[in-house]
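Residues per chain, in single letters:
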Amino acid sequence: MTLSLQEFRSRFPILDRRVYVNNCSQGALSTDVTAAIGEYLASWHEHGSPWELWVEHMERLRRSFAAAVGALPEEIAVVPSASAGINAVASALRFDSSRATVVMGEFEFPTMAQAWLAQQRRGATIRWVRAEGDELHARSYAAAVGEDTLIVPLTHVCFRNGFKTDVEAITRTCHDRGALVMLDDYQRTGSSPIDVHALGVDFMVTGCLKYLLGTAGIAFLYVRRDLVERFEPTITGWFGRVNPFAFSIDTLDWAAAASRFETGTPPIINAYAAGAALGLLSLVGQETIGRQIAHLVDRFATRAHDAGHVVRTPADPARRGPLVVLQSTDAPALVARLQAHGVIASCRGSGLRVSFHGYNTERDVDAVLDALRAESALLVEAGARSAQV
Ligand SMILES: Cc1ncc(COP(=O)(O)O)c(C=O)c1O
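Residues numbered from 1 in each chain as written. Predicted model: local features only at pLDDT ≥ 70, side-chain atom pairs only at ≥ 80, totals over all residues. Heavy atoms only, no water.

### A few points about the pattern of salt bridges
Under the defined criterion, the tally for this structure stands at 21 salt bridges. With its nearest N and O atoms 2.7 Å apart, the salt bridge here joins D226 to R224. For D298, the salt bridge goes to R320, with nearest N and O atoms at 3.1 Å. Linking D298 in helix α11 (residues 286–306) with R320 in the loop between α11 and β9 (323–327), this pair joins segments that are 22 residues apart in sequence. (Salt bridge = Lys/Arg side-chain N within 4 Å of Asp/Glu carboxyl O. Helix = DSSP H or I, 4+ residues; strand = E, 2+ residues; numbered from the N terminus.)

Structure follows, in structure tokens:
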């Protein structure tokens, strides 16, 4: 069975009432996810403690996510947040005299920065890669990554301005110099296809609450198969063990699969939501969703630019994801004003963030543009660009 974009849209009740373009913060709630959460509650009511059923549900989710990103199930850890995945990997690294440098770009999400800055206490050195305005180029990484580089955390789409990183080029450079790459795909997964093996990254983190249309409290860590058993995370727990249900306490062991990066009791209710959302996305198809988003991003960015607004997201489709950012004089005030027009968007610093999913339509784009026309006093006009944050 496949779903058309129109049928997909009909699964999200909020879209009848609001123009929802805040997918970069939180995806909309579908009837499928609502039903799945109900199913979890019913299983709890009915059976009391059906842990075998719930653990099998987690395993199904692992398989579905692996299939969605071109990975093997044994390359996927199901974790409660991207931060948990990042820290489990960091805890397994040794920062020694041969390689102790973490090369980190300015467009990383703050949790990536926090986790790697904290590694300075364990011997890491941070080398920053600076942006040029709203762009952060592969050549800047090439100048920063050296034989001393252990790992390069790399956001795919920047949460602040929508810039899309050239992951393939940077990964090639890193691997040529013996450095690992950890992709943060959170601002992109679910918005178009991805094949982690083709991308070649060593690790990837992403989570469910944005374009994957699920809840907070569940995320994924991908670890390339041939790397899994080289790492022994010291941030660990019983679900990272060879057999959690052996309940032994006298040995330290780690599973042979990426589940070794897991820690405690998994977030089952969120797994039900995530499984339903992944199922729904697969009925539409990532190619179809990606095409629709690219079309809407193009329509919005082009028209916003033509209307004289400062578009901070690149005009080149290869260098942007599902998020378009406009420069505002007072972005929080603009977000509040847009709400009065029935438009739900968000902001970071001085940037208004408008982000699309496959359920959005050209009418949504035009409604946002109409609302922006009415609130244009809160937008920076081209030629009068103010200091960016
Ligand atoms: C790029 C990016 N990475 C990570 C996160 C969140 O990570 P965590 O799951 O640790 O809260 C977000 C947003 O919430 C994000 O935009």
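So much for the structure itself; the text now carries on.
### Notes on the packing of aromatic side chains
Counted under the stated rule, the structure contains 17 aromatic pairs. Here F107 and F163 contribute two aromatic rings whose centre-to-centre distance is 5.8 Å and whose plane-to-plane angle is 70°, an arrangement assigned as edge-to-face. In this pair, F107 is assigned in the loop between β3 (101–105) and α5 (110–118) and F163 in the loop between β5 (149–155) and α7 (167–176), connecting sequence segments 56 residues apart. Assigned by exposure class, F107 and F163 land together as buried. An aromatic cluster of at least three residues, connected via ring pairs, comprises Y40, W44, W51, W54 and Y272. Sitting above the plane of the Y186 ring, K210 keeps its charged end 5.2 Å from the centroid. (Phe/Tyr/Trp six-rings, centres within 6.5 Å; stacked < 30°, edge-to-face > 60°. Buried < 20%, exposed > 50% of the residue type's maximum accessible area, 1.4 Å probe, protein only. Lys NZ or Arg CZ within 6 Å of the ring centre and 35° of its normal.)

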